[in-house]
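Spelled out, the chains give:
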Amino acid sequence: MNALLHEYAAVAGEDTIDQLLQLAEPLKGMKVAHVNSTRVGGGVAEILTKLVPLQRELGMDAHWEIVLGKNEFYQCTKLFHNALQGRTAVVPESLLKAYEETNAQNAEEHRALLRDADIVFIHDPQPAALLRYIPERKGKWVWRCHIDASHPQRQVWKYLSGFIAGYDASVFSLADFAQMLPHPVYLIPPSIDPLSEKNRELSEKEVRETCERYHIDPDRPMMLQVSRFDRFKDPLGVIQAYRLAKAFIPPLQLVLAGGGADDDPEGDLVLAEVQAAVKDDPDAHVLFLPSDAHRTINALQRAAYFVLQKSVREGFGLTVAEALWKGKPVIGGDTGGIRLQVVNHHTGFLVDSPEGAALRIRYLLHHHDKLVEMGRKAHEFVRENFLITRQLREYLTLMVALLHGAGDRVVLE
Ligand code: UDP
């Protein structure tokens, strides 16, 4: 077993790694391509950063490409994103044209790889139209949807499904999101990498120093939300909950840490609103972090008493798994993938309003023993369900099934 896989065995168990090696055997040498729209920022980039090297370690010829476009393309895909997550959005014809043209240009750019790859994973709507421009493709194509598509705006879904219907399979994060499509639909929840800079153990010294660097008092309770500045993450609702709780617990501090993503044009506006909302409060810190601030986020998650993810829509919420892994209960919006991870009263609390969140904040600050117990359960829950080794196993199983067809027998040695 090579060194990297050996490291995962120490966290996830030898059996898990043995399974991966067996599943990867029939896939050795296969050309696999992943395509999304950003290398940094957001959950998809976070996952691919590790998934692709691991597929290589297991003997596949794995590649990761991104589609690039101009402003109009990102405006269009942000509207798609909003509409798929249930918000009303009217997408003008001119933006749809930019979407199709950008996909056509990117198809040209990556034609050789996409034509020849045995399996292509297209992540989210941004590159979904590529398939149309590679009619000579040789391999199987999978559309991987990471967002909460449980109540998509019909017109936008109709438009996008015109592209997606041509794929060989789709993957959604949970059953509630799955849509009717004329091909097999699989469910694979995302995962975190326990060995990454974002999630590995850190010394207490480093955690304290990180707090001090940002003028956070490490000796007073601090609650944290890590998110892109996006309305679906409800940062203003978090501030409201913090204010309600702070009236009862004056030492409480709030940290809202986030950055932008290359493919998200709305971030600056939301950041400005958040900054304005806390500008008179020295205990409320808004940190705009660079996209490679993984260790800082790790330290902040470890410094927090507990973590919030008060999203009103959430595909999965990697930030939830990251916090749970660090033994922090999560107060999360009762929506999408947060429901998979926050087991109410066990690994955290599900909430629907700032008032509900404030109530749970006060509860956790007053019941330290409960907070510790929930944190212990939270860590174990992630170890069993949301580590990258589990997600990789499910991807490999899907790949074996697709490449060998339902009728073939796959013999694993
Ligand atoms: N993240 C980060 N820097 C930031 C904000 C977020 O590295 O400033 C990371 C975060 O730790 C998590 C991912 O980006 O790993 C966000 O994934 P999630 O599924 O929570 O939300 P998404 O942004 O995909 O909607």
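Scroll up for the structure.
Residues numbered from 1 in each chain as written. Predicted model: local features only at pLDDT ≥ 70, side-chain atom pairs only at ≥ 80, totals over all residues. Heavy atoms only, no water.

### Re helix H5 (residues 93-109)
Okay, step 1: With 17 residues, H5 should reach 24 Å at 1.5 Å per residue; the first-to-last C-alpha distance of 24 Å fits that figure.
Okay, step 2: Buried residues of H5: Leu95, Leu96, Ala98, Tyr99, Thr102, Asn103, Asn106 and Ala107, and no others.
Okay, step 3: The secondary structure elements touched by the buried residues of H5 are strand S2 (61-66), helix H4 (71-84), helix H6 (111-116) and helix H7 (154-164). (Helix = DSSP H or I, 4+ residues; strand = E, 2+ residues; numbered from the N terminus. Expected span 1.5 Å × (residues − 1). Buried < 20%, exposed > 50% of the residue type's maximum accessible area, 1.4 Å probe, protein only. Contact = heavy atoms within 4.5 Å.)

### What to know about the environment of aspartate 124
Okay, step 1: On the secondary structure map, aspartate 124 appears in the loop between strand S3 (119-123) and strand S4 (140-144).
Okay, step 2: Classification of aspartate 124 by relative accessible area gives buried; the value is 8%.
Okay, step 3: Distance from aspartate 124 to threonine 77, taken between C-alpha atoms, is 9.5 Å for residues 47 residues apart in sequence.
Okay, step 4: Residue contacts for aspartate 124: discarding those within four places in its chain leaves Val44, Trp143, Arg144, Cys145, His146 and Ile147.

### Considering the sheet that holds strand S12 (residues 348-351)
Okay, step 1: Strand order across the open sheet formed by 6 strands is S9-S8-S7-S10-S11-S12, with parallel pairing between neighbours. In this open sheet, the two strands that pair with only one neighbour each are strand S9 (284-288) and S12. Across this sheet, the average inter-strand angle for adjacent strands is 20 degrees, counted without regard to direction.
Okay, step 2: Relative to strand S10 (residues 306-309), strand S7 (residues 222-226) runs parallel, the two sharing 2 bridges. Directly across from methionine 223, in S10, lies its bridge partner phenylalanine 306.
Okay, step 3: Each of strand S8 (253-258) and S9 touches helix H10 (residues 267-278); the most contacted strand, S9, lies at about 155 degrees to it. (Pairing = 2+ DSSP bridges. Axes fitted to C-alpha atoms, helices over the stretch in contact; angles between N-to-C directions.)

### Points about empty space enclosed by the protein
Summary: where empty space remains is shown by rolling a probe the size of a single water molecule over the atoms.
Okay, step 1: As enumerated under the stated definition, the model contains 1 cavity of 30 Å³ or more in all.
Okay, step 2: By volume, the largest cavity is sized at about 50 Å³.
Okay, step 3: For the largest cavity, the full set of lining residues is Gln225, Val226, Ser227, Arg228, Phe229, Lys233, Pro235, Leu256 and Ala257.
Okay, step 4: Taken together, the elements giving at least two residues each to the lining of the largest cavity come down to S7 and S8.
Okay, step 5: The residue makeup of the lining of the largest cavity, split by class, is 5 nonpolar, 2 polar and 2 charged. (1 Å grid on protein atoms, 1.4 Å probe; cavity = no way out; pocket = protein on both sides within 12 Å on 5 of 7 lines; lining within 4 Å. Points joined across faces, edges and corners; volume = space filled by probe spheres on them. Nonpolar A, V, L, I, M, F, W, Y, C, P; charged D, E, K, R; others polar.)

### Looking at the layout of surface pockets
Okay, step 1: Here the second largest pocket is characterised by a volume of approximately 330 Å³.
Okay, step 2: Residue lining of the second largest pocket: 16 residues in total, with Glu204, Val207, Arg208, Arg302 and Ala303 positioned closest to the centre.
Okay, step 3: Secondary structure elements with two or more residues in the lining of the second largest pocket: helix H8 (204-213) and helix H11 (294-303).
Okay, step 4: No other element matches the 4 residues that H8 contributes to the lining of the second largest pocket.
Okay, step 5: A breakdown of the residues in the lining of the second largest pocket according to their chemical character gives 8 nonpolar, 1 polar and 7 charged.

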